[in-house]
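Each chain, written out:
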Amino acid sequence: MSYTTYYERRQKIDKYEAQQLEEVLGRQKISAPRKVLTRRLKFESLVPKPEEGRYSICMMDFDEDQIYLELKYIQRGITYKKLAKISKENCMKILEGNVEWMADSRDKLCQDFYRQITLNYIRPGNIVETCKVVYQWKSDYICLKRSIRSIKNNGYNFFDPDTYMIRCLDYGEVELDQKQAVTLPRYIESVLHVPEHTGEDTLAFVL
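This is a predicted model, so every value here is computed, not measured. (Residues numbered from 1 in each chain as written. Predicted model: local features only at pLDDT ≥ 70, side-chain atom pairs only at ≥ 80, totals over all residues. Heavy atoms only, no water.)

A. Geometry of the overall build of the protein chain. Across its full length, the protein chain carries five helices and nine strands. Along the protein chain, helices (α) and strands (β) appear in the sequence β-α-β-β-β-β-α-α-β-β-β-β-α-α when read from the amino end. The buried share of the protein chain, taken over its 207 residues, is 45%. Long-range contacts, defined here as pairs at least 24 residues apart, represent 66% of the contacts in the protein chain between residues at least 6 apart. Accessible area for the protein chain stands at about 11900 Å²; split by element, carbon and sulfur atoms hold 50% of it. (Helix = DSSP H or I, 4+ residues; strand = E, 2+ residues; numbered from the N terminus. Buried < 20%, exposed > 50% of the residue type's maximum accessible area, 1.4 Å probe, protein only. Contact = heavy atoms within 4.5 Å. Areas by Shrake-Rupley, 256 points an atom, 1.4 Å probe, with all protein chains shown as cover.)

See below:
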């Protein structure tokens, strides 16, 4: 499991502002932009509890080797994100309602997810597909999302690249997502039980 904290700000801009921003970023000495397509299946509770965050299953670029269980929540303006890699086989089990295997998982995030499903009755909600370009400048990340689409999960359409989806952005509209990494003091990490292993941080910003 990996664990990441960051500040996040989102706003909608028009395509011309997005082009100007890309031109400015292109003149900076930063790493090459990364084009990413993500599919995210969000889980919802009948009685939402914002402080407990939201679980999702995420897949990147339709790559069956890049499927992750994600927990994301916000406290005092800071976004906390936990990620655990899962196989397509285990992902299919979750989609089919077979979750008992997670009770004995070695990954704590999977165990917590199992408890949320069995105790708080969280269930699959919408699938959201996002096409974006990600720029990294030191510990800051800028994502330009030109396409966001969504559809209700039916248990089978998560892996179907041809699934019909509804556009969420107006024509000519771009969503700008800015993320800035946060380093937590040791005493706060101990209170939040942050694991020592915090690998795949970059992935958490890209998803």
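B. Here's a closer look at the pairing of strand S1 (residues 2–14). Bridge count for S1 against strand S5 (residues 78–85) is five bridges, and the pairing is antiparallel. Looking at S5, one finds that Thr-5 is bridged to Tyr-80. Pairing analysis gives nine bridges linking S1 to strand S9 (residues 173–181), with the strands arranged antiparallel. By the bridge assignment, Ile-13 is partnered in S9 with Val-174. (Pairing = 2+ DSSP bridges.)

C. Looking closely at the environment of Lys-72. Along the chain, Lys-72 falls in strand S4 (residues 67–75). Residues contacting Lys-72, with those up to four places away along its chain left out, are Tyr-6, Glu-8, Arg-10, Gly-53, Arg-54, Thr-79, Tyr-80 and Lys-81. Among the polar contacts made by the side chain of Lys-72, one reaches the side chain of Glu-8 at a distance of 3.2 Å. (Polar contact = N/O pair within 3.5 Å; in protein donor to acceptor, adjacent residues only side chain to side chain.)

D. Main features of the nonpolar core. In this structure, Ile-57, Phe-113 and Phe-158 are the most contacted members of the largest nonpolar core, which totals 31 residues. Of all the secondary structure elements, the ones that give two or more residues to this core are strand S2 (34–44), strand S3 (54–60), S4, S5, helix H2 (88–95) and helix H3 (108–119). With five residues, H3 is the single largest residue contributor to this core. Residues Cys-58, Val-134, Leu-203 and Ala-204 belong to the second largest nonpolar core, which totals 14 residues. (Core = buried A, V, L, I, M, F, W, Y, C linked by side-chain atoms within 4.5 Å.)

E. Quick peek at the pairing of S4. Strand direction decides the pairing type here: S3 and S4, joined by six bridges, are antiparallel. By the bridge assignment for S4, Cys-58 is matched with Tyr-68. Here S3 folds back onto S4, and the loop between the two strands holds six residues, one of which, Asp-61, carries a positive phi near 55°. Between the end of S4 and the start of S5, which pair antiparallel, lie two residues, with Arg-76 showing a positive phi angle near 50°.

F. Representation of the environment of Tyr-141. Along the chain, Tyr-141 falls in strand S7 (residues 140–152). Taking the C-alpha atoms as reference, Tyr-141 lies 8.2 Å from Asp-177; in sequence the two are 36 residues apart. In this view, Tyr-141 contacts Val-134, Tyr-135, Gln-136, Asp-177, Gln-178, Lys-179, Thr-202 and Phe-205; residues no more than four positions away in its chain are not counted.

G. Here's a closer look at H2. Taken residue by residue, H2 has Asn-90, Cys-91, Ile-94 and Leu-95 as its buried positions. Angularly, the buried residues of H2 cover 145° about the axis, an arc narrow enough to put them on a single face. If you follow the buried residues of H2, they end up packed against S2, S3, S4 and H3. After H2 finishes, the residue Gly-97 shows a positive phi value of roughly 90°. (Arc of directions from axis to C-beta.)

H. Structural detail: unusual backbone geometry. Within the chain, Asp-61 stands out as a residue other than glycine whose phi angle is a positive 55°. Tracing the sequence through the fold places Asp-61 in the loop between S3 and S4. Overall, the relative accessible area of 37% leaves Asp-61 in the partly exposed class.

I. How the structure looks around the packing of aromatic side chains. Scanning the entire structure with this criterion turns up six aromatic pairs. Aromatic side chains Tyr-55 and Phe-113 sit 5.1 Å apart centroid to centroid with 35° between the ring planes, which places their arrangement in the tilted category. Of the two residues, Tyr-55 sits in strand S3 while Phe-113 sits in helix H3, which places them 58 residues apart along the sequence. Measuring from ring centre to ring centre gives 4.2 Å for Tyr-141 and Phe-205, while their planes differ by 5°; the resulting arrangement is stacked. With a gap of 64 residues between them, Tyr-141 in strand S7 and Phe-205 in helix H5 (residues 201–206) connect regions that are remote in the sequence. (Phe/Tyr/Trp six-rings, centres within 6.5 Å; stacked < 30°, edge-to-face > 60°.)

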